[in-house]
Amino acid sequence: MSDDKTSNQMWGGRFASGPAAVMEAINASIGFDRKLYSQDIRGSIAHSEMLAEKGIISAEDQSRIAHGLNTILREIEAGTFTFSARLEDIHMNVEARLAELIGPAAGRLHTARSRNDQVAVDFRLWVKEELLSTAEALKRLIAAFLDRAEEHAATVMPGFTHLQSAQPVTFGHHCMAYVEMFARDLSRVRDAVERLDESPLGAAALAGTGFPIDRSMTARALGFREPTRNSIDSVSDRDFALEFLSIASICATHLSRLAEEIVIWSTPQFSFVRLSDSFSTGSSIMPQKKNPDAAELVRGHAGRISGCLMSLMMTMKGLPLAYSKDMQEDKEAVFDAAEALDLMIAAMTGMVSDMTVNADAMKRAAGAGYSTATDLADWLVRVLGLPFREAHHVTGRAVAMAEAKKTGLEKLSVEELKTLHPGITDDVYSVLSVRNSVRSRTSFGGTAPSQVRRQIRHWRKRLAKA
């Protein structure tokens, strides 16, 4: 039997001739939806088992179908299966091969279902599995940050706002900021899995079916919590794909921010960190160069993932219920984003784990830019009882004095400081050093090493349960 005739049979008797070449080209999705082969075969086996259980097909036919589908699975995994663009998609390719293997019994498999609910369940299964894989990758990244945070809970560095030195913090505290960010990503992944954990199989084309099927049986067999509750929404919903892309975009943004910091920190001007050779490249013309290409590529991938989200959002925004062929555009965006995100998380986990931290360079930079000025203002409020606005003004004058003398605040004499306010005493120097500044920030979630270690303990416990 030729591919044309096979394709026409799949479409049914409504069509007298095969598709035009351009129609075949625009209609085919097998080039990318072949990724769903495992999910498609799992869904078909579960469907056939339910049909047999309900007496809709015979046990003998179900046995042949299951044997044939498992044979196809082995062929695909061995690389011996021939995919045909003329058969449009993974579903038709599998069904056509099943007919070759087991004959007429293959035609019974499609009883009480449509390609609409078939692709919906395949795609949900794939996205669910990818989300669970992403969750594990995020846990590894968070664990890497917790290790570095523990190692550097007391390592001082400058904290920045507007990329200007603001207040001293610890590198451990900075690492814990990323723990919080990626933990939110992990939480979003868990939430998304909970929402998509419903099986659309059995919704058929859009209206359900008159056959006495058991949708709860197939939902359980495929690892879903329960079946979806509206057949129209079942086949037209792609929220799970949009949510995956949204999560991926937010996570990629976090990874990109981290990548940007690594790029900055690894410059000779900062020298806060040094990447290993595993995550760097050289220059074809400048032998001294060591480029943070892995970090730059992570940063670059973020735009690509956000583009995938926008692409599918624009595809879905004008579609009436229920299914439209436009929805074929959903998979390439999700597959592309998933592959990029997997690489980004893996690369960043590697970089965080083995980069060398230059604690001395961080410490030198921590006191630059009069970073303890806020500590001076706080001391004036706490010890002398000044209103904060007045303390802010006095501190500003102290900074101007230090600037004029080209020295740090801690280098100003108490006599010089007394000219700004007569109540200032030697005790002020207890807050003007970078290390004392950091140690004093003991409020919950603050940068004091004691607080950093407290948060590390909290997150290690949570991660163990995640």
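Residues numbered from 1 in each chain as written. Predicted model: local features only at pLDDT ≥ 70, side-chain atom pairs only at ≥ 80, totals over all residues. Heavy atoms only, no water.

1. Side note on the overall build of the protein chain
When helices and strands are counted, the protein chain shows 20 helices and six strands. Computed over C-alpha atoms, the radius of gyration of the protein chain comes to 31 Å, more than 25% over the 23 Å expected from 2.2 N^0.38 for 466 residues, which places it beyond the range of a compact globule. Its C-alpha atoms put the protein chain at 100 × 55 × 40 Å along the principal axes. Looking at the protein chain residue by residue over its 466 residues, the buried ones come to 50%. Across the protein chain, every contact between residues at least 6 apart in sequence was considered, and the portion connecting residues at least 24 apart equals 74%. Of the accessible surface of the protein chain, which amounts to about 21900 Å², a share of 52% is contributed by carbon and sulfur atoms. With 55 positive and 58 negative side-chain charges, the protein chain shows a separation of 5 Å between the mean positions of the two kinds. (Helix = DSSP H or I, 4+ residues; strand = E, 2+ residues; numbered from the N terminus. Rg over C-alpha atoms; globule rule 2.2 N^0.38 Å. Buried < 20%, exposed > 50% of the residue type's maximum accessible area, 1.4 Å probe, protein only. Contact = heavy atoms within 4.5 Å. Areas by Shrake-Rupley, 256 points an atom, 1.4 Å probe, with all protein chains shown as cover. Lys, Arg positive; Asp, Glu negative; His and termini not counted. Charge placed at Lys NZ, Arg CZ, Asp CG, Glu CD.)

2. Digging into the confidence of the model for the protein chain
Per-residue confidence for the protein chain gives a mean pLDDT of 91; residues scoring 70 or more make up 93%. In this model residues 1–8 is a low-confidence stretch, pLDDT under 50, and it forms twelve contacts with partners more than four residues away in sequence or in other chains. (pLDDT = per-residue confidence, 0-100.)

3. Brief notes about empty space enclosed by the protein
Taken as a whole and judged by the stated rule, the model has three cavities of 30 Å³ or more. A volume near 50 Å³ is recorded for the largest cavity. Lining the largest cavity are Phe160, Leu163, Glu261, Ile264, Trp265 and Phe270. The dominant element in the lining of the largest cavity, judged by the number of residues it contributes, is helix 11 (residues 239–265), at three residues. Counted by class, the lining of the largest cavity contains five nonpolar, no polar and one charged residues. (1 Å grid on protein atoms, 1.4 Å probe; cavity = no way out; pocket = protein on both sides within 12 Å on 5 of 7 lines; lining within 4 Å. Points joined across faces, edges and corners; volume = space filled by probe spheres on them. Nonpolar A, V, L, I, M, F, W, Y, C, P; charged D, E, K, R; others polar.)

4. Comments concerning a nonpolar patch on the surface
There is a patch of nonpolar side chains on the surface, built from Leu206, Ile232 and Leu321 and spanning about 280 Å² of accessible area. The topology assignment puts leucine 321 in the loop between helix 12 (293–316) and helix 13 (330–354). When its relative accessible area of 66% is taken as the criterion, leucine 321 is described as exposed. (Patch = residues over 30% accessible without salt bridge, like charges linked within 9 Å, V, L, I, M, F, W, Y side chains within 5 Å. Salt bridge = Lys/Arg side-chain N within 4 Å of Asp/Glu carboxyl O.)

5. Regarding the pattern of salt bridges
Across all of its chains, the model carries 27 salt bridges by this definition. Ionic pairing is found between glutamate 226 and arginine 225, a salt bridge with its closest N-O pair at 3.5 Å. A relative accessible area of 38% places arginine 225 in the partly exposed class. The partner of arginine 229 in a salt bridge is glutamate 226, with the nearest N and O atoms 3.3 Å apart.

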